[in-house]
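Working through the structure, step by step
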Amino acid sequence: MQFMEIRDTTLAYQSRGEGDLAVFLHGFPLDHRLWLDQLDSLSDLRHNVAPDLRGSGSSDPLVSGLLAMEEIADDVAELIAGLDHQSADVVSLSMGGYAALALWERHPERIRSLVLMDTRSGADSEAGRAGRRETAERVAEEGSGFLTENLMKALLAPDAGLAARIRLRSMIEGTAAETIVAHLEGMARRADRTDLLSSITVPTVVIVGEDDGLTPPDLAEHMANLIPAAELVVIPGAGHLTPIETPEAVNKALREFWEKL
Ligand code: MLT
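For the structure given in this document, a descriptive report is provided here. (Residues numbered from 1 in each chain as written. Predicted model: local features only at pLDDT ≥ 70, side-chain atom pairs only at ≥ 80, totals over all residues. Heavy atoms only, no water.)

A separate point is the overall build of the chain. Broken down by element type, the chain carries 10 helices and eight strands. In terms of overall dimensions, the chain is globule-like: its C-alpha atoms have a radius of gyration of 17 Å, near the 18 Å expected for 261 residues. In terms of principal-axis extent, the alpha carbons of the chain reach across some 50 × 40 × 35 Å. Burial statistics for the chain: of 261 residues in total, 56% are counted as buried. Counting contacts in the chain only where the partners sit at least 6 residues apart, residues at least 24 apart contribute 77% of the total. Summing over all exposed atoms, the chain offers an accessible surface of approximately 10600 Å²; the carbon and sulfur share of this is 48%. Looking at the chain, you have 23 positive and 43 negative side-chain charges, and the mean spots of the two groups are 1 Å apart. (Helix = DSSP H or I, 4+ residues; strand = E, 2+ residues; numbered from the N terminus. Rg over C-alpha atoms; globule rule 2.2 N^0.38 Å. Buried < 20%, exposed > 50% of the residue type's maximum accessible area, 1.4 Å probe, protein only. Contact = heavy atoms within 4.5 Å. Areas by Shrake-Rupley, 256 points an atom, 1.4 Å probe, with all protein chains shown as cover. Lys, Arg positive; Asp, Glu negative; His and termini not counted. Charge placed at Lys NZ, Arg CZ, Asp CG, Glu CD.)

See the structure below:
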């Protein structure tokens, strides 16, 4: 791992390859290991950098009970600048996608192209917000063990392979309870950025697992329709975590997209 002081914290990141920069933003409650297959397989095309977002993995622990998507976006903008690049090909999954849309809103000059994977542009419903706060309270009281079991079922397609299961469990178990609570509150408070989609002028691909129950293909299609010139890629046999469930299909989609830029 490498480390960079960013704003008031230190972010850890994994890096492979050289050339134009690609930055990979992981989902909740995960870390840079979501992207290990992409970092390696695409290292001939890009300088691939996958940070542990604030509070995750080997990055500094959080000191606040709220991690706003805007905070993550500001960190990513500084990371790109700190790596001596004007902009990056931004690849994001789920919560990483919420942050990527905040990055487009706040620092569009930092995005050269965009991949939105297994994510949504809308905000939480009232019921969704209440559910996140209930989960956060339970995690604060009893730890995140119960959440691990729930997420193992919710995030993966039913027949996901052993390697994907092991990697997912290890990422969830490696995420501090404080971080889980802060990310849940940050996601609960996030803005609806659907109106922003029509302003996305950089080349964009929306990727979704065919069996993604959390951010299903119809949502992905809706987003792709609202983004001028976005392509949609639906990956058969994958749930919400396409990069670890079907790495070859994701790598192929990214390679084809980047080769055209
Ligand atoms: C994620 O994968 O980042 C989460 O499922 C996103 C969410 O809970 O909305």
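Here the focus is the nonpolar core. If you look at the biggest cluster of nonpolar residues, it comprises 85 residues, and the most contacted ones within it are Phe-24, Trp-35, Met-117, Leu-168 and Leu-241. No other element matches the eight residues that helix H3 (residues 95-106) contributes to this core. In this view, Phe-24 contacts Trp-35, Gln-38, Leu-39, Asn-48, Val-49, Ala-50, Pro-51, Val-91, Leu-254 and Trp-258; residues no more than four positions away in its chain are not counted. (Core = buried A, V, L, I, M, F, W, Y, C linked by side-chain atoms within 4.5 Å.)

All residues adjacent to the ligand are Gly-27, Phe-28, Ser-94, Met-95, Tyr-98, Arg-132, Met-187, Leu-214 and His-240. Contacts to the ligand include Arg-132, whose side-chain N or O atom sits 2.8 Å from an oxygen atom. Contact with the protein chains covers 88% of the free accessible surface of the ligand, which is 270 Å². In this structure the site holding the ligand corresponds to the largest pocket. Among the residues forming the shell around the ligand, the class breakdown is five nonpolar, three polar and one charged. (Near = heavy atom within 4 Å. Polar contact = N/O pair within 3.5 Å; in protein donor to acceptor, adjacent residues only side chain to side chain. 1 Å grid on protein atoms, 1.4 Å probe; cavity = no way out; pocket = protein on both sides within 12 Å on 5 of 7 lines; lining within 4 Å. Sits in = over half its atoms within 2 Å of the grid points. Nonpolar A, V, L, I, M, F, W, Y, C, P; charged D, E, K, R; others polar.)

Within the secondary structure layout, Arg-132 lies in helix H4 (residues 126-142). For Arg-132, the side chain forms a polar contact with the side chain of Asp-124, separated by 2.5 Å. Ignoring any residue separated from it by four or fewer positions in sequence, one finds Arg-132 in contact with Tyr-98, Asp-124, Leu-184, Met-187, Ala-188 and Arg-190.

The next subject is the pairing of strand S1 (residues 2-6). Consecutive residues of a regular strand have side chains that alternate between opposite faces of the sheet. In this sheet, strand S2 (residues 9-16) lies alongside S1 in antiparallel orientation, the contact comprising five bridges. Each residue of the ladder has a partner; that of Met-4, found in S2, is Leu-11. Joining the antiparallel neighbours S1 and S2 is a turn of two residues, in which Arg-7 adopts a positive phi near 50°. (Pairing = 2+ DSSP bridges.)

With that settled, consider empty space enclosed by the protein. Scanning all chains against the criterion turns up one cavity of 30 Å³ or more. Within this model, the largest cavity holds a volume of roughly 30 Å³. Every residue along the wall of the largest cavity is listed here: Tyr-98, Leu-101, Arg-120, Ser-121, Gly-122, Arg-190, Ala-191 and Arg-193. Of the residues contributing to the lining of the largest cavity, the split by class is three nonpolar, two polar and three charged. (Points joined across faces, edges and corners; volume = space filled by probe spheres on them.)

This is a description of form; function is not addressed.
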